[in-house]
Each structure stands twice: as C-alpha cells, then as structure tokens.
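# Fold and contact review
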Amino acid sequence: MAMKGAIVSAAKALASPRSSSTICSRHLHASSGSKKIVGVFYKANEYAKLNPDFLGCEENALGIRDWLESQGHKYIVTDDKEGPNCELEKHIEDMHVLITTPFHPAYVTAERIKKAKNLQLLLTAGIGSDHIDLKAAAAAGLTVAEVTGSNTVSVAEDELMRILILVRNFVPGYQQAVNGEWKVAAISHRAYDLEGKTVGTVGAGRIGKLLMQRLKPFNCNILYHDRIKAGAEFEKETGAKFEEDLDKMLPKCDVVVVNTPLTEKTRGMFDKERISKLKKGVLIVNNARGAIMDTQAVVDACNSGHIAANGFSFVLKFCEELHKKECIGYSGDVWNPQPAPKDHPWRYMPNHAMTPHTSGTTIDGQLRYAAGTKDMLDRYFKGEEFPAQNYIVKEGKLASQYQ
C-alpha cells in the first residue's frame, strides 16, 4: 500500500462533513503566516524504513512533513520530552501546535502550558489525552483534540488476544518452548476455555462495546459497568448485562477488562481494597491507563496469588513459588509513567504478561490517526470546526468523559 494513498483513504473514512463556521475559541481563529508545529513520537531507529506505512515514529512523523513545509509551516519532531533540558522544552515558548501520542506521551503540565505563550492547539495522535493537564488547558483557552475512533479496533483486538493468552495460560508454555522444556502438566493445570466464563468490562465506550461484540462468539457471560447504559438493542445483540454497581459486578468476574478513561475519578480506582473484592485467581486486562491501577496493590496481589493464583476462584493447591512461575494473570500495555523506567515494579512482579504500550499503534491504527491528525491540522489552518467527537477541551469546557 502506498503511503500517500493509505493516508488519503483513511482520511476519507475518518472525516465528517466540514462546517464553515469559525471556531469561537480565541486561540483557533485562522490567522495568516507560518505556524510552528512540534510533534513528539517514539524513535524507531533501524525499524523506521522497514515499512512505508510506519507513520507513528519520530522518523516518519505521521507522513505530514512535506505537506506542512510546502505550506510554509515549521515542523519540529523529537522523541526527547523529559526534563528541563530536553528538546521539547526548547520549543515550548513559541510553538503553536503540539502533537503527541499516548504511546510516547509528552506530559503537558500546567507549568508547560504557562510557558507556551503562542500555544493554540494540543492534538493527540490516537485516543486518550490524559497526559495533558486538561483543566489547565481549559483555563488557558486552549483546544485539545484527539482522533476519536482511530485505534478502537486495534485496542479491542489486543484486549481479546490478552484475555485468551491469560485464560489459556499461554505465556508459561511459550517460555517452556524457548527454554527447551516440555512440561505439559505445568501449563494445563491452569489452562481453561473462555466459554462459560464471566468477563466484565469496566467502561463501555467505543472500545468496550467493540470488545463485547468480539466476545459474543465465545459464549461467555458478558457484564459491563459504565456511567451510561449501552441500550436494549446492544444488550440483545451481545447478550451483555449492565451492572450499575461496580463493586457488585467485580466479584462475579473471572476476567476483568479495564476500558475507562483516566480521570480524577478513576485514578487509582483499583486500589488494595477494591482488588481484595475480586475473585481469588482473577485475570485482569488493562489497556486503558496504568494509573487507573494502584501500582503497588497490583504487585502485592500478583505476589500473593490473588491475581491468577491457581484458576478461577479455586482454592490454592500449590505452593507460592509454583504459582508465581506457572500462572499468568495480569496483562496490559499501559504503565505509569510511560515509557516505564527499568526499575518499574511491574516488570519484575510474578503472574504478568505485560508489554510496552503498543495495542493502539498497529500499522492500521497509525494510518488512521495520521490521517485524522492531518485532517484536523487542515481544518485548524482554515479556521474550521473539527469533528465534534474529537474535542476533549473546547472553549474552556472538558468533554463529558473527563468531567
């Protein structure tokens, strides 16, 4: 697939009919002259040239450099985002637009917003803008937007994969293959079918709903908790049942999937007390945000065996050292902070199948969020409205999911 054709195709799929009305925010009025756009993306090094559609890295910079520079704009791209002497800090005072991603987030603090005198627009290439101090952005009159829906499929598919990896006890089997071992019993004593198990999603937005649709063919019991009920038609289609009380839903679940945004209300939602209410041997998938979990509480639960002890709510039969090595129960790709430092305790806790934050940055996802970012930049230059669902902060107000 040619890069240009893929971006155009994805842009058509994402774009909604444009409005000719001018953005009311004082920062988004169209103005003549060159704009300084700064992009913060992960570095790909030798992998950057291996796929022409690999747009989400620093080297390929969403594939929009030529387009921006042909219009007279300045495009600065870096992966260096931390500390007072980082590359990003050099450009904060005079940049007009900052583009970042959830996979390598530039943390936009109130202090950075205060320094950014020319800043007008904060764009997230992907889904999830919690790396930005949204209240500070709203108070400063900034617009924050993301490419809503761009990696919904990518993340939901990844969640389903992780559920199956945990339920079938895949990781210890893979480790045996790599290590030259063959101990079938060590795997099969804790491997189950997904059919008939109870899976609960905490959050039923676009990703949560798609996951439930993907789960239906597995004939499992599907529960969901959200601030908004999905509706009778969706529940009939998927067989999902709404649970108004989260703490009543969680003890019913063999598998818990976290699909809620990170907000002041959800930060640390899964603390020691809430985890203690889960079934012993529960399996948890979290591709939402690492900070929704209390880091140490997860470590302690994996160490004790409360998470993935020895099967769905069964009594422990084996010694602690055995279940540490041969049962996996916590999986996800989100950490706090990101990138995760080398001494992050989740790297070394037992019972985990963690990866770097990759679920939403598949090549297909990159094509969608690159196209969506370009579309919003084009609208910004022309003073046009963005698709309504893309706004996270607009005219001093936060989107409902962050309130």
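Residues numbered from 1 in each chain as written. Predicted model: local features only at pLDDT ≥ 70, side-chain atom pairs only at ≥ 80, totals over all residues. Heavy atoms only, no water.

Looking at the protein chain as a whole, its pLDDT mean stands at 90, while 87% of the residues score no less than 70. In the model, residues 15-27 has pLDDT below 50 throughout and makes 35 contacts with residues more than four positions away in sequence or in other chains. Per-residue pLDDT stays below 50 along residues 310-325; that stretch engages in 37 contacts with residues further than four places along the chain or on separate chains. (pLDDT = per-residue confidence, 0-100. Contact = heavy atoms within 4.5 Å.)

A few words on the pattern of salt bridges. Taken as a whole and assessed by the stated rule, the structure comprises 18 salt bridges. Glu89 serves as the salt-bridge partner of Lys115, at 3.4 Å between the closest nitrogen and oxygen. With Lys115 in helix H4 (residues 110-115) and Glu89 in helix H3 (residues 87-91), the pair connects residues that are 26 residues apart, well separated along the chain. What makes Lys115 partly exposed here is its relative accessible area of 32%. Among the salt bridges present, the one from Asp247 reaches Lys277, with a minimum N-O distance of 3.8 Å. Taken together, the residues Asp247 in helix H11 (residues 246-249) and Lys277 in the loop between helix H12 (272-276) and strand S10 (283-286) connect sequence positions 30 residues apart. (Salt bridge = Lys/Arg side-chain N within 4 Å of Asp/Glu carboxyl O. Helix = DSSP H or I, 4+ residues; strand = E, 2+ residues; numbered from the N terminus. Buried < 20%, exposed > 50% of the residue type's maximum accessible area, 1.4 Å probe, protein only.)

Considering all chains together, one arrives at eight aromatic pairs under this definition. Taking 5.9 Å as the distance between ring centres and 25° as the angle between the ring planes, the aromatic pair formed by Phe103 and Tyr369 counts as stacked. Remark: Tyr369 occurs in helix H15 (residues 363-382) and Phe103 occurs in the loop between strand S3 (97-100) and H4; sequence separation between them is 266 residues. Relative accessible area serves as the criterion here: at 0%, Tyr369 is assigned to the buried category. (Phe/Tyr/Trp six-rings, centres within 6.5 Å; stacked < 30°, edge-to-face > 60°.)

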